[in-house]
Amino acid sequence: MQTALDAPATPSPAERAARQAEIVQALGAVVPAHALLWQREDTTPYECDGLTAYRQRPLVVCLPETEAQVQAVLQTCHRLRVPVVARGAGTGLSGGAMPHALGVTLSLAKFNRILQIDPVSRLARVQCGVRNLAISEAAAPYGLYYAPDPSSQIACTIGGNVAENSGGVHCLKYGLTVHNVLQVRGFTAEGEAVTFGSEALDSPGYDLLAAVIGSEGMLAVTTEVTVKLIPKPQLARCILASFDDLRKAGDAVAAVIAAGIIPAGLEMMDKPMTAAVEDFVQAGYDLEAEAILLCESDGTPEEVEEEIGRMSAVLSASGATKIAVSQSEAERLRFWSGRKNAFPASGRISPDYMCMDSTIPRKRLADILQAIAALEHKYGLRCANVFHAGDGNLHPLILFDANDPDQLQRCEQFGAEILETSVAMGGTVTGEHGVGVEKLNSMCVQFSAAENAQMAALKQAFDPEGLLNPGKVIPTLNRCAEYGRELVRGGLRAFAGIERF
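Everything quoted here is computed from the prediction, not taken from an experiment. Position labels on residues start from 1 in each chain and follow its written sequence. Two thresholds apply to this predicted model, a pLDDT of at least 70 for residue-level local features and 80 or more for giving and counting side-chain atom pairs, whereas whole-chain, interface and lining totals are computed over all residues. Excluded from the side-chain calculation are hydrogens and water; included are all heavy atoms of the structure.

**A look at the overall build of the chain**
Thinking step 1. What counts as a helix is a DSSP run of H or I of at least four residues, what counts as a strand is a run of E of at least two, and both are numbered from the N terminus. Along the chain, the regular secondary structure elements total 18 helices and 19 strands.
Thinking step 2. With C-alpha atoms as the basis for the radius of gyration, the globule rule is written as 2.2 Å multiplied by the number of residues raised to the power 0.38. Here the chain has a C-alpha radius of gyration of 23 Å; the compact-globule value for 501 residues is 23 Å, and the two agree.
Thinking step 3. Expressed as lengths along the three principal axes of its C-alpha atoms, the size of the chain is roughly 65 × 60 × 45 Å.
Thinking step 4. In the chain, which comprises 501 residues, the proportion classed as buried is 55%.
Thinking step 5. Here, residues are in contact when the closest pair of their heavy atoms is within 4.5 Å. Counting contacts in the chain only where the partners sit at least 6 residues apart, residues at least 24 apart contribute 73% of the total.
Thinking step 6. Per-residue and other accessible areas follow the Shrake-Rupley method at a 1.4 Å probe size, with only the shown protein chains counted as cover for residues. Surface summary for the chain: the accessible area is close to 20300 Å², and the carbon and sulfur share equals 53%. Note on exposure labels: buried denotes an accessible area under 20% of the residue type's maximum, exposed denotes more than 50%, and partly exposed covers the range between, all computed with a 1.4 Å probe on protein chains only.

**Points about the nonpolar core**
Thinking step 1. Each nonpolar core is a collection of buried residues, namely Ala, Val, Leu, Ile, Met, Phe, Trp, Tyr and Cys, held together in the definition by side-chain atoms within 4.5 Å. Ranked by internal contacts, the top residues of the largest apolar core, which has 56 residues, are Ile239, Phe243, Met268, Leu293, Leu315, Ile398 and Phe414.
Thinking step 2. A total of seven residues in this core trace back to one element, the largest contributor, which is helix H14 (residues 365–379).
Thinking step 3. Counting residues in hydrophobic clusters, the runner-up holds 27 residues, among them Leu36, Val73, Leu106 and Cys128.

**Some words on the packing of aromatic side chains**
Thinking step 1. Here a Phe, Tyr or Trp ring, Trp counted by its six-membered ring, pairs with any other such ring whose centre lies within 6.5 Å, and the pair is stacked when the planes are under 30 degrees apart, edge-to-face when over 60, and tilted otherwise. Applying the stated criterion across every chain yields a total of three aromatic pairs.
Thinking step 2. Measuring from centroid to centroid gives 6.2 Å for Phe343 and Tyr353, while their planes differ by 45°, and the two rings are tilted. Of this pair, Phe343 sits in helix H13 (residues 342–349) while Tyr353 is found in strand S16 (residues 352–355), placing the two residues 10 residues apart along the sequence.
Thinking step 3. Look at Phe343 and you get buried, because its relative accessible area is 15%.
Thinking step 4. Overall, the relative accessible area of 25% leaves Tyr353 in the partly exposed class.

**Quick notes on unusual backbone geometry**
Thinking step 1. A positive phi angle, near 60°, is found at Glu216, a position not held by glycine.
Thinking step 2. By secondary structure assignment, the location of Glu216 is in the loop between helix H8 (208–212) and strand S10 (221–228).
Thinking step 3. Exposure remark for Glu216: the relative accessible area of 6% places this residue in the buried category.
Thinking step 4. Look at Val473: it is not a glycine, yet its phi comes out positive at around 70°.
Thinking step 5. Looking at the secondary structure, you find Val473 in the loop between helix H17 (449–462) and helix H18 (477–489).

**Description of the state of the cysteines**
Thinking step 1. Throughout, disulfides are identified as pairs of cysteine sulfur atoms within 2.5 Å of each other. Counted by the stated rule, this structure contains one disulfide.
Thinking step 2. The disulfide bridge from Cys444 ends at Cys480, spanning 2.1 Å between sulfur atoms. Sign of the S-S torsion, about -80° for the bond between Cys444 and Cys480, identifies this disulfide as left-handed. Placement of Cys444 in helix H16 (residues 440–446) and of Cys480 in helix H18 is noted, with a sequence separation of 36 residues between them.
Thinking step 3. The exposure class assigned to Cys444 is buried, which follows from its relative accessible area of 2%.
Thinking step 4. Here Cys238 stays free of any disulfide, with the sulfur of Cys295 as its closest cysteine sulfur at 7.1 Å.

**A short note on the sheet that holds strand S2 (residues 60–62)**
Whenever strands of a sheet pair, they do so through backbone hydrogen bonds, lying parallel or antiparallel.
Thinking step 1. A strand pair is defined by DSSP finding two or more bridges across the two strands. Strand order across the open sheet formed by four strands is S1-S2-S4-S3, with mixed pairing between neighbours. Of all the strands in the sheet, just strand S1 (36–37) and strand S3 (84–87) have a single pairing partner and so form its edges.
Thinking step 2. Running at roughly 20° to S2, helix H1 (residues 13–27) makes contact with S1, S2 and strand S4 (104–107) of the sheet.
Thinking step 3. To define axes, lines are fitted to C-alpha atoms, for helices over the stretch in contact only, and angles between the resulting N-to-C directions are given on a 0 to 180 degree scale. Together, S2, S3 and S4 form the strand contacts of helix H3 (residues 67–80), whose direction differs from that of S4 by roughly 170°.

**Section: the pairing of strand S18 (residues 382–388)**
Thinking step 1. Counted residue by residue, S18 has six buried out of seven residues, so it is predominantly covered.
Thinking step 2. Where strand S13 (residues 265–270) lies against S18, two bridges are found, and the strand directions are antiparallel. When the bridges of S18 are listed, Met268 appears paired with Phe387.
Thinking step 3. One ladder, built from seven bridges, connects S18 with strand S19 (residues 393–400); its direction is antiparallel. Note on S19: the bridge partner recorded for Val386 is His395.
Thinking step 4. From the end of S18 to the start of S19, which pair antiparallel, there are four residues, and Gly392 there has a positive phi angle of about 70°.

**With respect to the side chain of Ser136**
Thinking step 1. Its place among the elements puts Ser136 in helix H4 (residues 132–139).
Thinking step 2. Note on Ser136: relative accessible area 14%, which makes it buried.
Thinking step 3. Beyond its immediate stretch of four places on either side in the chain, Ser136 contacts Leu144, Tyr145 and Tyr146.

**Regarding the sheet that holds strand S8 (residues 181–187)**
Thinking step 1. In space, the five strands of this open sheet follow the order S5-S6-S10-S8-S9, with antiparallel pairing throughout. The open sheet has two edge strands with one neighbour each: strand S5 (114–118) and strand S9 (193–197). For this sheet, the mean inter-axis angle between neighbouring strands, taken without regard to orientation, is 10°.
Thinking step 2. Here four bridges tie S5 to strand S6 (residues 123–127), and the two strands are oriented antiparallel to one another. When the bridges of S6 are listed, Ile117 appears paired with Ala124.
Thinking step 3. The strands that H4 touches are S5, S6 and S10; relative to S5, the one it contacts most, it runs at about 45°.

Here you go:
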């Protein structure tokens, strides 16, 4: 029996039209007519997420307005064996929301209500389409906020954050999405209502909440999320430190953590990225520096004063050429404005960019930056780097022109080699952007066939027909075998049993 994963990637026009008519008719019985889009001009805006290099126009887009409609849509698609790809704001950067050629894109944009703010229990219960930043805005009158803060927080949704286990510049101290979510409600591929976690500190049985968070929409469709809220700190101040050498900056990051300090945020930007953002937002960055660090402390005034002093001493001893400390909230926000606008700033200096996402041990920060510099020469493309230095989460932005097929191919190879190098240095192929379609090959580098099979078995347990977001995240054995042959042909390091740097 054919599964969703076996469906042709490029259906014939006749096949597409027939399947489309069948799906539209069936879904028209469970959702209002205005909730269905299938004309080309209506579905084209949904053909990709933030990874614009890969596109696929969906067969049908469905925009339900109630949980009952979501359930009915999933039940209908399961009966017809139609793949379903859930979509939030479309800000993802790994192609996780790229549509299936013969499937339904389930847009949850209308699920945008904040259902409850409980200042006593310090939690918020929200629909999946609520923007990340909107949670903190709603909690602000109670002196509370939601800690995970991706750079796209003004637009990205909490449902998407759950799918990708998103982080942000303050994740070093306050954790990722998985550390700040109490409960997730939604539906399985069959339309069965499910709840993971609870509003209590713990729930009985297996910890399936941790399995669902970061599962990229492959296990269930999220409709409601309950998150932790924490008190806003009395004070926050940020250090802006300049370094004349990448290795000194990388070593400074490790030195701060080794000193027993856990900053609220610890970010690093290299010289090309600093130049791009300074031209965009005038954050006051040192354009002569080879790298800059942003180190934030928050808490009581006394705690902040003491920690800022300790961090400044460590940074000076590590070779910082300049150190500035924010003297007001406005200045702190200005320091962060460059980091928060790194991606749009890169879009101003290049027709396209591909943002990679990998994680390495902190002590290898300088090594990976030097490796990336060598890869710039190898592939003839520029790369600007910005990353969550405190936990070693890299975000190299490879600059290219997608209108040039050769540049796109070189960009893909460049990115794959960054990920491979990260694994060789003891890291991982993703930190917070997910695998999606972008890193399928790289999953073959990091994980063995047995490990990938275990992940596939978990997917099978939740979704036996393989209808939720098929073809993403978990590579097939054939794909890994072919990618291994490509690595050998390309002269890259040995596949499966990779040589460590």
